[in-house]
Amino acid sequence: MAKIIGSPTRYIQGRGELANLAKHAGAIGETMFILVDKFVKPIVMPSIEAGMGDRKFEVVEFGGECSMTEINRVIEVLKEKGGDVVVGIGGGKTMDTAKGVADKYAAATIIVPTT
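Residues numbered from 1 in each chain as written. Predicted model: local features only at pLDDT ≥ 70, side-chain atom pairs only at ≥ 80, totals over all residues. Heavy atoms only, no water.

Colleague: I would appreciate a short explanation of the side chain of Thr97 in the present structure.
Modeller: Along the chain, Thr97 turns up in helix α4 (residues 92–105). By relative accessible area, Thr97 is classed as buried at 0%. Those residues in contact with Thr97 that sit more than four places away from it in its chain are Leu35, Phe62, Glu65, Cys66, Glu70 and Ile71. (Helix = DSSP H or I, 4+ residues; strand = E, 2+ residues; numbered from the N terminus. Buried < 20%, exposed > 50% of the residue type's maximum accessible area, 1.4 Å probe, protein only. Contact = heavy atoms within 4.5 Å.)

See below:
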């Protein structure tokens, strides 16, 4: 019987790390596409934007439910706006949607839980 473990290639945690998101994402891709829960957006985006510098990024609010309808909606925005790193910021539904989008779009994924 095979024993398999899946884990992220990097795990980063610490005070002020939201401001370093662009630096960490830069090792993966050029342009970030951020899917963020509307409730945490005003809390997290000032720190993230402060650390962006001249990096390109797009921000889209999560629609509230993880579904194929939401994944397809976000993919259409991603196709229009561009991005090669999908960042999901929020709770489980937001992060699951971001992972679904990245998988269907064949982009890298970063998840930022806000628990």
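Colleague: For this particular structure, what's the right way to read the environment of Arg15?
Modeller: Within the secondary structure layout, Arg15 lies in the segment before α1 (21–26). Residue Arg15 is classed as exposed on the basis of its relative accessible area of 87%. Taking the C-alpha atoms as reference, Arg15 lies 33 Å from Arg73; in sequence the two are 58 residues apart.

Colleague: Please explain the pairing of strand β1 (residues 32–36) as it appears in this structure.
Modeller: Within a regular strand, the side chains alternate between the two sheet faces. Burial runs high along β1: five of the five residues are buried. The side-chain alternation of β1 yields two buried faces, one formed by Met32, Ile34 and Val36 and the other by Phe33 and Leu35. Both β1 and strand β2 (residues 57–61) contribute to a ladder of five bridges, which runs parallel. In the strand pairing of β2, Val36 is matched with Glu61. As for the winding sense of the linkage, the β-α-β connection from β1 through helix α2 (residues 41–50) to β2 is right-handed. (Pairing = 2+ DSSP bridges. Right-handed = clockwise from strand over helix to strand, strands pointing away.)

Colleague: Mind showing me how you'd approach the packing of helix α3 (residues 68–81) against α4 here?
Modeller: The relative placement of two packed helices comes down to the angle between their axes together with the axis-to-axis distance. Contact geometry for α3 and α4: axes closest at 9 Å, N-to-C directions at 60°. Between α3 and α4, the angle falls in the class oblique. Along this stretch, α3 crosses α4, giving a crossing that reads as right-handed. Contacts between α3 and α4 involve Met68, Glu70, Ile71, Asn72, Val74, Ile75, Leu78 and Lys79 on the former and, on the latter, Thr97, Gly100, Val101, Lys104 and Tyr105. For the contact of α3 with α4, the class distribution of residues is seven nonpolar, three polar and three charged. (Axes fitted to C-alpha atoms, helices over the stretch in contact; angles between N-to-C directions. Parallel < 35°, antiparallel > 145°, perpendicular 65-115°, else oblique. Left-handed = near helix turned anticlockwise from the far one by under 90°. Nonpolar A, V, L, I, M, F, W, Y, C, P; charged D, E, K, R; others polar.)

Colleague: Would you take a moment to explain the nonpolar core for this structure?
Modeller: Among soluble globular proteins, nonpolar side chains are generally buried collectively. Grouped together as the largest cluster of nonpolar side chains are 16 residues, with contacts concentrated most on Leu21, Met32, Ile34, Ile48, Val87, Ile89 and Ile110. Those elements giving two or more residues to this core turn out to be α1, β1, α2, β3 (85–90) and β4 (108–113). The residues touching Ile89, leaving out its near neighbours within four places in the chain, are Leu21, Ile34, Leu35, Val36, Asp37, Val40, Val44, Ile48, Thr94, Val112 and Thr114. Among the nonpolar cores identified, the runner-up in size contains 14 residues, and Ile71, Ile75, Val77 and Val86 belong to it. (Core = buried A, V, L, I, M, F, W, Y, C linked by side-chain atoms within 4.5 Å.)

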